[in-house]
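An overview of the molecular structure
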Amino acid sequence: MVKVAALVGDYWHGDASVRAGLEAAILRLSNKDEIELQYISYQEVSHVIDNQPNLFINAKMNKLNPKDKQVITWLTEELDKKIETYVKAGGSFLAWHAGLAGYPSESSYTQMLRGAFDYHPPGLQGVIYIQKEKTFNLADEHYFVTCDEANTEVYLRSTGIEGDSIAGWKHRYGKGKICCLTPAHTREGMLNENVSSLLASKIDWLLNK
């Protein structure tokens with residue numbers, strides 16, 4: 001079996017919507033019947049990584065309680081090192097939407113991703129996503145990101161009323177693989193055929209060594 005572990009759901013992103021989007025993408029894969037998808041909590045991350053999944057998907061922001069005065073984050077220093085070690089040794093890692101948000105710039109996590117969420121304009125915007133071969137429109141949170149473009153492969157860009165940004169990038173890291181993808185925020189967006197197809201293609205890339 002191909003083991004995929006997914007950390008999903010946070011204050012701003014209901015886990016049911018993310019699960020629906022992820023499962024729709026997996027159904028597009030030629031080896032879908034071989035995939036064993038496991039949803040985990042942040043408390044289980046360390047144990048799951050010890051078991052060396054074929055792919056780890058993070059669609060959860062770092063802040064557990066972003067509106068409280070005393071904000072708690074789940075990525076400890078120990079987990080930060082463990083995740084990086086997992087990828088360097090040959091693991092595959094997808095940071096999807098909220099999985100790019102709220103992680104310290106100096107962390108091994110952010111350095112490994114070579115990019116991070118900066119901000120998005122309030123509410124949903126009309127966003128045009130641009131691939132080499134096609135473009136598509138989506139009502140989405142328009143993520144503006146920092147990305148070390150010189151040291152990764154940008155495969156998706158975005159443009160909207162507030163400006164342009166990078167929306168997807170991928171690279172090898174040690175013996176492993178990293179992929180980052182910013183769309184989408186809503187259930188409708190995650191189930192959009194273009195997003196679903198794009199997510200499936202990147203999962204396929206991550207699983208093929």
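Rules and cut-offs
- Residues numbered from 1 in each chain as written.
- Predicted model: local features only at pLDDT ≥ 70, side-chain atom pairs only at ≥ 80, totals over all residues.
- Heavy atoms only, no water.
- Pairing = 2+ DSSP bridges.
- Helix = DSSP H or I, 4+ residues; strand = E, 2+ residues; numbered from the N terminus.
- Axes fitted to C-alpha atoms, helices over the stretch in contact; angles between N-to-C directions.
- Contact = heavy atoms within 4.5 Å.
- Core = buried A, V, L, I, M, F, W, Y, C linked by side-chain atoms within 4.5 Å.
- Buried < 20%, exposed > 50% of the residue type's maximum accessible area, 1.4 Å probe, protein only.
- Salt bridge = Lys/Arg side-chain N within 4 Å of Asp/Glu carboxyl O.
- Expected span 1.5 Å × (residues − 1).
- Arc of directions from axis to C-beta.
- Parallel < 35°, antiparallel > 145°, perpendicular 65-115°, else oblique.
- Left-handed = near helix turned anticlockwise from the far one by under 90°.
- Polar contact = N/O pair within 3.5 Å; in protein donor to acceptor, adjacent residues only side chain to side chain.

A separate point is the sheet that holds strand E3 (residues 55-59). Ordered by their spatial adjacency, 9 strands build an open sheet running E2-E1-E3-E4-E11-E10-E9-E6-E7, and the pairing between neighbours is mixed. Where the open sheet ends on each side, the last strands, each with one partner, are strand E2 (35-40) and strand E7 (135-140). Averaged over all pairs of adjacent strands, the angle between strand axes in this sheet comes to 20°, irrespective of strand direction. Across 5 bridges, the pairing between strand E4 (residues 92-96) and strand E11 (residues 176-181) is parallel. Note that in E11 the partner of phenylalanine 93 across the bridge is isoleucine 178. The strands touched by helix H1 (residues 15-26) within the sheet are strand E1 (2-8), E2, E3 and E4, with E2 carrying the most contacts at an inclination of about 170°. Against the sheet, helix H6 (residues 193-207) engages E1, E2, E3, E4, E7, strand E9 (153-160), strand E10 (163-173) and E11, with an angle of about 170° to E11.

Counting 33 residues, the largest nonpolar core has Leu55, Ile57, Leu94, Trp96 and Ile203 as the members making the most contacts within it. Sort the elements by how many residues they give to this core and H6 lands first, with 7 residues. When near neighbours in sequence (up to four residues on either side) are disregarded, tryptophan 96 contacts Val18, Gly21, Leu22, Asn58, Ala59, Leu181, Pro183, Ala184, Met190 and Leu199.

Here we take up unusual backbone geometry. Of the consecutive residues proline 183 and alanine 184, the connecting peptide bond is found in the cis state with omega at 15°. A positive phi angle is found at histidine 97, which is not glycine, with a value near 50°. Mapped onto the elements of the fold, histidine 97 is located in the loop between E4 and helix H4 (108-113).

Further remarks concern the pattern of salt bridges. With the rule as written, the count across this model stands at 4 salt bridges. With a closest N to O distance of 2.9 Å, lysine 82 and aspartate 50 form a salt bridge. You can see lysine 82 sitting in helix H3 (residues 77-88) and its partner aspartate 50 sitting in helix H2 (residues 45-50), a full 32 residues away along the chain. For lysine 82, a relative accessible area of 21% gives the class partly exposed. Linking arginine 157 and glutamate 149 is a salt bridge whose minimum nitrogen-to-oxygen distance equals 2.4 Å. Exposure remark for arginine 157: the relative accessible area of 37% places this residue in the partly exposed category.

A separate point is H3. Taking 1.5 Å of rise per residue, the 12 residues of H3 would be expected to cover 16 Å, and the 17 Å separating its terminal C-alpha atoms lies within 8% of that figure. Every buried residue of H3 is listed here: Leu79, Asp80, Ile83, Glu84, Tyr86 and Val87. Projected down its long axis, H3 carries its buried residues within an arc of 155°, all on one side. For H3, exposure combined with an orientation more than 90 degrees from the buried face picks out Glu77 and Glu78. Taken together, the buried residues of H3 touch H2, E3, E4, H4, E10 and E11.

So, about the packing of H1 against H6. Taken N-terminus to C-terminus, the directions of H1 and H6 make an angle of 65°; their axes are 8 Å apart at the nearest point. Here H6 runs roughly perpendicular to H1, going by the angle between their axes. The two elements H1 and H6 meet at a crossing, and its hand is right-handed. Contacts between H1 and H6 involve Gly21, Leu22, Ala24, Ala25 and Ile26 from the former and Ser196, Leu199, Ala200 and Ile203 from the latter.

Attention shifts here to the side chain of histidine 97. On the basis of relative accessible area, histidine 97 is assigned to the buried category, the value being 3%. Of the polar contacts made by the side chain of histidine 97, one reaches the side chain of glutamate 141; its length is 3.2 Å. Excluding residues within four positions of it along the chain, histidine 97 makes contact with His13, Glu141, Tyr143, Leu181, Thr182, Ala184 and His185.

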